[in-house]
Amino acid sequence: MLPALVQESLPRLTRAIKLLPGDERPDAAVMLADELTGITAMVAEKFTNNRTAEGIQKALNLTVGGVSLGLEQLLAVDSDQAALDFLVDNGAEAAFQAGFRQLKELSQMPEDTLVGEYDLDPVYSQRRLRDLFFDICFTDPNQNWNGPDKFQTQLKQRQQVQAVVRLANWLRRHNSEGPVKDADLNAEGVIALSIIFAVEGGGRVVARTGQKEFERFVKAVRKHKPDFEAGWAALAAVVPVQHHAVLLDRIDLYRRTCTVLQKIPGRTAMKTLFADLENYAGSELEADYD
């Protein structure tokens, strides 16, 4: 059996540098080396340790990944020659800043739909940025590197989370009983509450509730037997269209799987229903009485 072919995928910076011997622009290699040295020194000072050989080596590994990540974003074509041309014409610093800017924007996006006050803490934000820098950009210049793919994977995941958080924040701001302003947010819990309570109809937005209001809601639904689909349509009508992808996806999910909605029409005890609701809403429920 023939061995599997392994496609070489060195960092873009390494691939560009390999073209320097054939480049006729004067001092291109010297200028690029000088720039990369400066970037490495800055990275060592801020992220590793500029007083040890190990710290400087780590900084070099991060510099290679950071510049390469920036090149992948800036280049309009998949071309090592275009990468070298950019480095000579615009400088490695421009590429590094482009890569680091991507990481900073990624670090500011939520990782999880459970958002806490600590997520806005500057110290925690800086730590998240540093962790991403190492996770995506740390690479040996002469080894295969998948930083761009890893970045795109994380970006897609965080964009999905961000869409959920943005819908939840909109629902909180437009809560029918007044805006909910807590720093901590269970985004999925907010959305679950809104979809469950929407079946009563009328287009009310419920982003926070308690046991008393839930009991009133269950009694009303059992008495009037509203059309769940009409209630969800009314909710969708008041939510801005940019949030519809997430909202409609969750409506479809709860239409099929939500035990609260499945049990309300029957004779399930209120205590059991509220316990089920807690599983969906979590910390977004108010404890108004035992």
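Our subject is the structure listed above.
Below, the structure is looked at part by part. (Residues numbered from 1 in each chain as written. Predicted model: local features only at pLDDT ≥ 70, side-chain atom pairs only at ≥ 80, totals over all residues. Heavy atoms only, no water.)

1. Considerations on the overall build of the protein chain
And step 1. Looking only at helices and strands, the protein chain has 13 helices and four strands in total.
And step 2. Relative to a compact globule of 290 residues, whose C-alpha radius of gyration would be 19 Å, the protein chain shows 27 Å and is clearly more extended.
And step 3. Principal-axis analysis of the C-alpha atoms gives the protein chain an extent of 85 × 45 × 40 Å.
And step 4. Counting across all 290 residues of the protein chain, residues that qualify as buried make up 44%.
And step 5. In the protein chain, 70% of the contacts between residues at least 6 apart in sequence involve partners at least 24 apart.
And step 6. With an accessible surface of roughly 16000 Å², the protein chain has 51% of that area assigned to carbon and sulfur atoms.
And step 7. On the protein chain, the mean spot of the 33 positive side-chain charges and the mean spot of the 41 negative ones are 9 Å from each other. (Helix = DSSP H or I, 4+ residues; strand = E, 2+ residues; numbered from the N terminus. Rg over C-alpha atoms; globule rule 2.2 N^0.38 Å. Buried < 20%, exposed > 50% of the residue type's maximum accessible area, 1.4 Å probe, protein only. Contact = heavy atoms within 4.5 Å. Areas by Shrake-Rupley, 256 points an atom, 1.4 Å probe, with all protein chains shown as cover. Lys, Arg positive; Asp, Glu negative; His and termini not counted. Charge placed at Lys NZ, Arg CZ, Asp CG, Glu CD.)

2. Focus on unusual backbone geometry
And step 1. Although it is not a glycine, D27 adopts a positive phi angle of roughly 65°.
And step 2. Within the secondary structure layout, D27 lies in the loop between α1 (12–17) and α2 (28–47).
And step 3. Phi at K225 is positive, roughly 50°, even though this residue is not glycine.
And step 4. Inspection of the secondary structure assignment puts K225 in the loop between α9 (211–224) and α10 (228–238).

3. Describing the packing of α9 against helix α13 (residues 270–281)
And step 1. It is at 11 Å that the axes of α9 and α13 come closest, and there the two elements cross at 115°. Considering their axes alone, α9 and α13 lie roughly perpendicular with respect to each other. α9 and α13 meet at a crossing whose hand is right-handed. Across the interface between the two elements, Q211, F214, E215, V218, K219 and R222 from α9 touch M270, L273, F274 and L277 from α13.
And step 2. Looking at the contact of α9 with α13 residue by residue, the class counts come to six nonpolar, one polar and three charged. (Axes fitted to C-alpha atoms, helices over the stretch in contact; angles between N-to-C directions. Parallel < 35°, antiparallel > 145°, perpendicular 65-115°, else oblique. Left-handed = near helix turned anticlockwise from the far one by under 90°. Nonpolar A, V, L, I, M, F, W, Y, C, P; charged D, E, K, R; others polar.)

4. Brief notes about the pattern of salt bridges
And step 1. A full pass over the atoms with the stated rule returns 24 salt bridges.
And step 2. For K58, the salt bridge goes to E54, with nearest N and O atoms at 3.6 Å. Placement of the pair is K58 and E54 together in helix α3 (residues 53–74), with a separation of four residues, close to one helical turn.
And step 3. On the basis of relative accessible area, K58 is assigned to the partly exposed category, the value being 32%.
And step 4. As a salt-bridge pair, E213 and R204 come within 4.0 Å of each other at their nearest N and O atoms.
And step 5. For R204, a relative accessible area of 28% puts it in the partly exposed group.
And step 6. Here the salt bridges share partners, and the residues they tie into one network are R12, R15, E72, D78 and D80. (Salt bridge = Lys/Arg side-chain N within 4 Å of Asp/Glu carboxyl O.)

5. A short note on the packing of aromatic side chains
And step 1. All told, the structure shown has 12 aromatic pairs when counted by the stated rule.
And step 2. Arranged with centres 6.1 Å apart and planes meeting at 65°, the rings of F228 and W232 form a pair that is edge-to-face. One end of the pair, F228, and the other, W232, are both in helix α10, four residues apart, so they sit about a helical turn from each other.
And step 3. Exposure remark for W232: the relative accessible area of 4% places this residue in the buried category.
And step 4. Through successive ring pairs, a cluster of aromatic residues spans F47, F96, F100 and F133. (Phe/Tyr/Trp six-rings, centres within 6.5 Å; stacked < 30°, edge-to-face > 60°.)

6. With respect to the nonpolar core
And step 1. Counting residues in hydrophobic clusters, the biggest one holds 44 residues, and the most contacted among them are L171, F214 and F217.
And step 2. Elements with a contribution of two residues or more to this core: α7 (147–173), α8 (187–198), α9, α10, α11 (244–257), α12 (259–263) and α13.
And step 3. Looking at this core element by element, the count peaks at nine residues for α8.
And step 4. Other than its neighbours up to four places away in sequence, L171 contacts V190, I191, S194, V205, A207 and V239.
And step 5. Listed in part, the 36 residues of the second largest apolar core include L69, A95, W145 and L155. (Core = buried A, V, L, I, M, F, W, Y, C linked by side-chain atoms within 4.5 Å.)

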